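A closer look at the structure
For reference, the chains in residue letters:
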Amino acid sequence: MSLNVFLSRRVTSSILCRMLSNAKTCFQAALELEGNIQKKYLTIKTYTQSGLLYLKQNKMDLAQRTIEEAVRRGKKFHDDYRLVQALIGLGHCYLKQSKDLKGLKIFEEALELSKKHSFNLPMFDILLEITDICKRNNLPTYQKYVDDFQQAAIQLRKGGAG
């Protein structure tokens, strides 16, 4: 590897570390101000994003606890859109820990909420994750979810799904 490539990678790595550190500081500051926030449901996204940041840093326990808090808040405040986002994050957290079946259960919960409220974009991502888990684990529900994905895509193409 040339010196230029090595230095370029070091600089990029250093910048990314600083960016992650800055993001973590911002999320922590936002959560510290929670007492001043009138719309408490807005903290759901902050907890989700903080957890995803910890996930990127491979701090699994901290990531899981933080995203689980986002899920609790999503349910408490009945904010299904932010709850779906938190569930997706928790599902990814389980997948990164090689807990496919736990992840599947979480993604299925997110899918039901997405269908209920016609959250189409997350629904497609969720179905892709579910089909991947089912295929990887040779689950009999694989084809059902492939069919669900196809039906959702057809519905969207026809313009029938909000």
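Procedures and definitions
Residues numbered from 1 in each chain as written. Predicted model: local features only at pLDDT ≥ 70, side-chain atom pairs only at ≥ 80, totals over all residues. Heavy atoms only, no water. pLDDT = per-residue confidence, 0-100. Contact = heavy atoms within 4.5 Å. Helix = DSSP H or I, 4+ residues; strand = E, 2+ residues; numbered from the N terminus. Buried < 20%, exposed > 50% of the residue type's maximum accessible area, 1.4 Å probe, protein only. Salt bridge = Lys/Arg side-chain N within 4 Å of Asp/Glu carboxyl O. Axes fitted to C-alpha atoms, helices over the stretch in contact; angles between N-to-C directions. Parallel < 35°, antiparallel > 145°, perpendicular 65-115°, else oblique. Left-handed = near helix turned anticlockwise from the far one by under 90°. Nonpolar A, V, L, I, M, F, W, Y, C, P; charged D, E, K, R; others polar.

Comments concerning the confidence of the model for the chain
Should the pLDDT be low somewhere, the predicted coordinates at that spot are not to be read in detail. Taken as a whole, the chain shows an average pLDDT of 83; of its residues, 73% reach a score of 70 or greater. Note on residues 2–9: pLDDT under 50 across the span, and two contacts to partners over four residues away in sequence or across chains. Contacts of residues 11–16 to residues separated by more than four positions or lying in other chains number zero contacts, the stretch itself having pLDDT below 50.

As for the side chain of T66
By secondary structure assignment, the location of T66 is in helix α3 (residues 60–76). Among the residues examined, T66 registers a relative accessible area of 11% and is labelled buried. Leave out the neighbours within four places in its chain, and T66 touches Y47, S50, G51 and Y54.

Comments concerning the pattern of salt bridges
Under the defined criterion, the tally for this structure stands at nine salt bridges. Taking the shortest distance from any N to any O, the salt bridge between D61 and R65 comes out at 3.2 Å. Of this pair, D61 and R65 both sit in helix α3, four residues apart, which is roughly one turn of the helix. The class of D61 is exposed, set by a relative accessible area of 52%. Between K144 and D148 there is a salt bridge, and its shortest N-O distance comes to 2.9 Å. Linking K144 with D148, this pair stays in helix α7 (residues 142–158), spanning four residues, or about one helical turn. Three or more residues joined by partner-sharing salt bridges are found here, namely E69, R72 and R73.

Some points on the packing of α3 against helix α4 (residues 80–96)
Contact geometry of α3 with α4 gives a least axis separation of 9 Å together with a crossing angle of 155°. Here α3 lies roughly antiparallel to α4, going by the angle between them. Between α3 and α4 the crossing geometry is left-handed. For the pair α3 and α4, contact is made by M60, A63, Q64, I67, E68, A70, V71, G74 and K75 and by L83, A86, L87, G89, L90, C93, Y94 and K96, respectively.

A few points about the packing of helix α6 (residues 120–136) against α7
When two helices pack together, their arrangement is given by the angle between their axes and by how far apart the axes lie. Contact geometry for α6 and α7: axes closest at 9 Å, N-to-C directions at 160°. Classified by the angle between their axes, α6 and α7 sit roughly antiparallel to one another. For the crossing formed where α6 meets α7, the hand is left-handed. Contacts between α6 and α7 involve N120, F124, L127, L128, I130, T131, C134 and K135 on the former and, on the latter, Y142, Y145, V146, D148, F149, A152, A153 and L156. Residues of the contact of α6 with α7, tallied by class, amount to 12 nonpolar, two polar and two charged.

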